[in-house]
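# Descriptive analysis of the structure
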Amino acid sequence: MNLIAAVDENWAIGLKNKLLVSIPDDMKFFRETTMGKVVVMGRKTLESFPNGRPLRDRTNIVLTRDPDYVVKGAVVVHDMDELHEELEKYPSEDIYVIGGESIYRQLLDECDVAHITKINYCFDADAYFPNLDERPEWRITADSDEQTYFDLEYFFYKYEKAEL
């Protein structure tokens, strides 16, 4: 399984259920990477999308504890067992965990690739991605040249989990 996220210097990912910043090339990378794939998210992440609608041309799986939660165009699961049962239907390499914080934390150990856009800035934030640089099993296996969006500098990194 894969993870995909944009993080700041402190591995922050959001504030008040919104992204910290919207960088067009990062959004394009996200779209191109996940198109036609399976995206796994929590309810609050889904509700942060335009009109709270699932992403087009992807299989959307939403994990929520709310037993009455229903979303047109998405598969809703209510616990990790139900999620794993649903994920068994798809090749692992086609599954992308897209947030939020609690979903990343719950599924991190089951993933072996992380696509991280690192933004060289510290934002005010209330949601964080686990810091892969502090985890010995995760290694950077690919990176981009420096990118810029106005005065923000950022890089695309690919992390892969090594067998320790």
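Here, every reference points to the structure presented above.
Read on for a plain summary of the structure. (Residues numbered from 1 in each chain as written. Predicted model: local features only at pLDDT ≥ 70, side-chain atom pairs only at ≥ 80, totals over all residues. Heavy atoms only, no water.)

### What about the overall build of the chain?
- A tally of regular secondary structure across the chain gives 4 helices and 12 strands.
- Against the 2.2 N^0.38 benchmark of 15 Å for 164 residues, the chain shows a C-alpha radius of gyration of 15 Å, consistent with a compact globule.
- Principal-axis analysis of the C-alpha atoms places the extent of the chain at approximately 45 × 40 × 25 Å.
- Every one of the 164 residues in the chain was classed for burial, and the buried ones make up 44%.
- Partitioning the intrachain contacts of the chain with sequence separation of at least 6 by distance along the chain shows that 63% fall at a separation of at least 24. (Helix = DSSP H or I, 4+ residues; strand = E, 2+ residues; numbered from the N terminus. Rg over C-alpha atoms; globule rule 2.2 N^0.38 Å. Buried < 20%, exposed > 50% of the residue type's maximum accessible area, 1.4 Å probe, protein only. Contact = heavy atoms within 4.5 Å.)

### A short note on the pattern of salt bridges
- For the structure on display, the rule yields 7 salt bridges.
- Between Lys-28 and Glu-32 there is a salt bridge whose closest N-O contact spans 3.9 Å. Separated by 4 residues within a single helix, Lys-28 and Glu-32 lie in helix H1 (residues 24-34), roughly one turn from each other.
- When its relative accessible area of 55% is taken as the criterion, Glu-32 is described as exposed. (Salt bridge = Lys/Arg side-chain N within 4 Å of Asp/Glu carboxyl O.)

### Considering the side chain of Thr-45
- Tracing the sequence through the fold places Thr-45 in helix H2 (residues 43-48).
- The exposure class assigned to Thr-45 is buried, which follows from its relative accessible area of 13%.
- A distance of 3.4 Å separates a polar side-chain atom of Thr-45 from the backbone oxygen of Gly-99.
- In contact with Thr-45, other than residues within four places in its own chain, are Asn-17, Ile-98, Gly-99 and Gly-100. (Polar contact = N/O pair within 3.5 Å; in protein donor to acceptor, adjacent residues only side chain to side chain.)

### A word on the nonpolar core
- In terms of nonpolar packing, the biggest core is built from 29 residues, with Leu-3, Val-40, Ile-116, Phe-129 and Leu-132 touching the most fellow members.
- Those elements giving two or more residues to this core turn out to be strand E1 (2-7), strand E4 (38-42), strand E5 (59-63), helix H3 (80-87), strand E7 (95-99), helix H4 (101-107), strand E8 (113-119) and strand E12 (152-161).
- Excluding residues that lie within four positions of it along the chain, Phe-129 makes contacts with Leu-3, Ala-5, Val-7, Trp-11, Ile-13, Tyr-104, Arg-105 and Ile-116.
- By size, the runner-up hydrophobic cluster in this structure holds 13 residues, among which are Met-41, Phe-49, Val-71 and Ala-74. (Core = buried A, V, L, I, M, F, W, Y, C linked by side-chain atoms within 4.5 Å.)

### Some remarks on the pairing of E5
- Burial within E5 is extensive, with 4 of its 5 residues counted as buried.
- Bridge count between E4 and E5: 5 bridges; the pairing is parallel. Bridge assignment links Val-38 to a residue of E5, and that residue is Thr-59.
- Each parallel crossover has a hand, and the one from E4 via H2 to E5 is right-handed. (Pairing = 2+ DSSP bridges. Right-handed = clockwise from strand over helix to strand, strands pointing away.)

### Side note on the packing of aromatic side chains
- Taken as a whole and assessed by the stated rule, the structure comprises 9 aromatic pairs.
- Seen from their ring centres, Tyr-157 and Tyr-159 are 6.3 Å apart, and the 55 degrees between their planes marks the pair as tilted.
- Using a relative accessible area of 18% as the deciding quantity, one classes Tyr-157 as buried.
- Owing to a relative accessible area of 1%, Tyr-159 belongs among the buried residues under this scheme.
- Put simply, the rings of Trp-11, Tyr-104, Phe-129, Phe-155, Tyr-157 and Tyr-159 pair up and form one aromatic cluster. (Phe/Tyr/Trp six-rings, centres within 6.5 Å; stacked < 30°, edge-to-face > 60°.)

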